[in-house]
Amino acid sequence: MEFEYSEKTRYALAKLEKFMDEHVYPNEETYHRQHESFGADRWRIPAIIEELKRKAREAGLWNLFLPESHHGAGYTNLEYAPLCEVMGRVGFASEVFNCSAPDTGNMEVLVRYGSEAQKQRWLTPLLEGRIRSAFAMTEPAVASSDATNICTEIRRDGDSYVINGRKWWTSGILDPRCEILIVMGKTDFSGPAHQQQSMILVPRDTPGVVIERHLPVFGYDDAPHGHGEVRFENARVPASNILLGEGRGFEIAQGRLGPGRIHHCMRTIGVAERVLEKMCQRLLTRTAFGKRIYEHSVWEERIADARIDIECARLLTLKAAYMMDTVGNKVARAEIAMIKVKAPNTALKIIDEAIQAFGGAGVTEDFGLARAYASMRTLRLADGPDEVHRRTIARIELKKQAERAGIEVSRRK
């Protein structure tokens, strides 16, 4: 495996880092100041976002996540990884380049599985950054880590489908620009376990789509993006809104989550790098008990461990990306699962150490560490909890060892 960045990646990386230095980092405070000026009406978009999006598009730094060159920049997962890492260093940066979740996953779904009519109606404005979207899968009444538990009903009624159910952690639903949801539910409650689910496009303004409340994360509302609990009460959409066909929802979900999971990991490494930088700067400039804090040996150990962990996580991410490109998501599922466990836990450990280095300042919002911790902690649940990914890794390993030993492995669920 060769992880040296290609000439194409090096060129794009230099261009992206220059844009971040000139436009994104200098406007972090502007973004937060504009957003705070909205007061209680926090579900509004700071003007700086649209300004930066326009500049990014003019610079050719747009839709970098899509491998299809006629829609995006044509980068492979391996080529995109370092670019995504750089975007992860600033919370809103991914949106500047039209590379933020859940839009990236939804656009990939439409590219791969959407009809021409569906692409024209929804993919085009998403690619242009004119609208945003949401993905409704997780449900409060069931353990949604097992997608076969999903119980939202998608019932055929003539030329329509009628949707009834309740979802939560529907990220992006509160964004005023959100116009379309991809909803996962069941069209067949009695068929084979992995052929009961379907996905369907539901416009945000469909009668019967009700936002019951926004869901804060450790007290953060994540406005203007946010996460919501949504009720579907006889929400009726045309039958043509079904994606790929009835019973194909699980198949689509697996196709969607592979790239989405690794994008999260790439951005997470960017978070860890930025936090390590902040921690080192703090240790270099503060004095305690007669010497700089970094001179206390415990901090040398913590800095070293942080660098080791980041490098391990980056290499595992690059390996997973390489395998996705060369042998496909299914063969790479162990590597995808491994990095989904490794990346957020690595970032959380480093953020925790940074909070300790900052002392009381670390738990304020002055340095962004508390928010970063809340965000990274959420990733241990998003796109599957650690336990599910470890289960996948363990079963693959046990099967491999059992085959070597000639031992039959149970095929239980």
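Above this note sits the structure.
Because the structure is predicted, anything quoted here is derived from the model rather than measured.

Novice: Quick question: what am I supposed to make of the overall build of the protein chain here?
Specialist: Scanning the protein chain from N- to C-terminus turns up 12 helices and nine strands. In terms of overall dimensions, the protein chain is globule-like: its C-alpha atoms have a radius of gyration of 22 Å, near the 22 Å expected for 413 residues. Its C-alpha atoms give the protein chain principal-axis dimensions of roughly 75 × 65 × 45 Å. Taking all 413 residues of the protein chain together, 52% fall into the buried category. Within the protein chain, contacts between residues separated by at least 24 positions form 72% of all contacts whose residues are at least 6 apart in sequence. If you sum the accessible surface of the protein chain, you get close to 19300 Å²; carbon and sulfur atoms cover 51% of it.

Novice: Looking at this structure, how should I read unusual backbone geometry?
Specialist: Most peptide bonds adopt trans geometry, and most residues besides glycine take a negative phi value. Omega for the bond connecting Ala-101 with Pro-102 falls within 30 degrees of zero, at 0°, which places this linkage in the cis form. Relative to the assigned elements, Pro-102 resides in the loop between α5 (93–96) and α6 (103–113). Positive phi values are uncommon outside glycine, yet Asn-63 reaches one of about 50°. Inspection of the secondary structure puts Asn-63 in the loop between α3 (47–58) and α4 (77–87).

Novice: Explain the environment of Gln-196 here, please?
Specialist: Its location among the elements puts Gln-196 in the loop between β4 (178–186) and β5 (197–203). For Gln-196, a relative accessible area of 9% translates into the label buried. Excluding anything up to four places from it in sequence, Gln-196 contacts Gly-185, Lys-186, Thr-187, Asp-188, Phe-189, Ser-190 and Gly-191.

Novice: Looking at this model, I keep getting lost on the environment of Ser-297. Mind explaining?
Specialist: Locating Ser-297 in the fold gives a position in helix α9 (residues 297–326). Judged by its relative accessible area of 56%, Ser-297 falls in the exposed class. Considering only alpha carbons, one finds Ser-297 and Gln-195, 102 residues apart in sequence, at a separation of 57 Å.

Novice: Looking at this structure, how should I read α4?
Specialist: It helps to recall that an α-helix has 3.6 residues per turn; residues three or four apart then point in one direction. In terms of burial, α4 is largely enclosed, as 11 of its 11 residues are buried. Within α4, the full set of buried residues consists of Asn-77, Leu-78, Glu-79, Tyr-80, Ala-81, Pro-82, Leu-83, Cys-84, Glu-85, Val-86 and Met-87.

The rules behind these values
- Residue numbers here run from 1 along each chain, matching the order of that chain's written sequence.
- Reporting of local features is limited, given that this is a predicted model, to residues whose pLDDT is at least 70; pairs of side-chain atoms are given and counted only at 80 or more, and all residues count toward the totals for whole chains, interfaces and linings.
- Calculated side-chain values reflect all of the structure's heavy atoms, with hydrogen atoms and water omitted.
- Going along the chain from the N terminus, every DSSP run of H or I of four or more residues is numbered as a helix, and every run of E of two or more is numbered as a strand.
- Computation of the radius of gyration draws on C-alpha atoms alone. For the globule rule, the value is 2.2 Å times the number of residues to the power 0.38.
- The rule is simple: take the accessible area with a 1.4 Å probe, protein chains only, and divide by the maximum for that residue type; under 20% is buried, over 50% is exposed, in between is partly exposed.
- In this analysis, two residues are considered to be in contact whenever any of their non-hydrogen atoms come within 4.5 Å of each other.
- For accessible areas, the Shrake-Rupley method is used with a probe of radius 1.4 Å. Any residue's cover is judged against the shown protein chains and nothing else.

These figures come from the coordinates and say nothing about function on their own.
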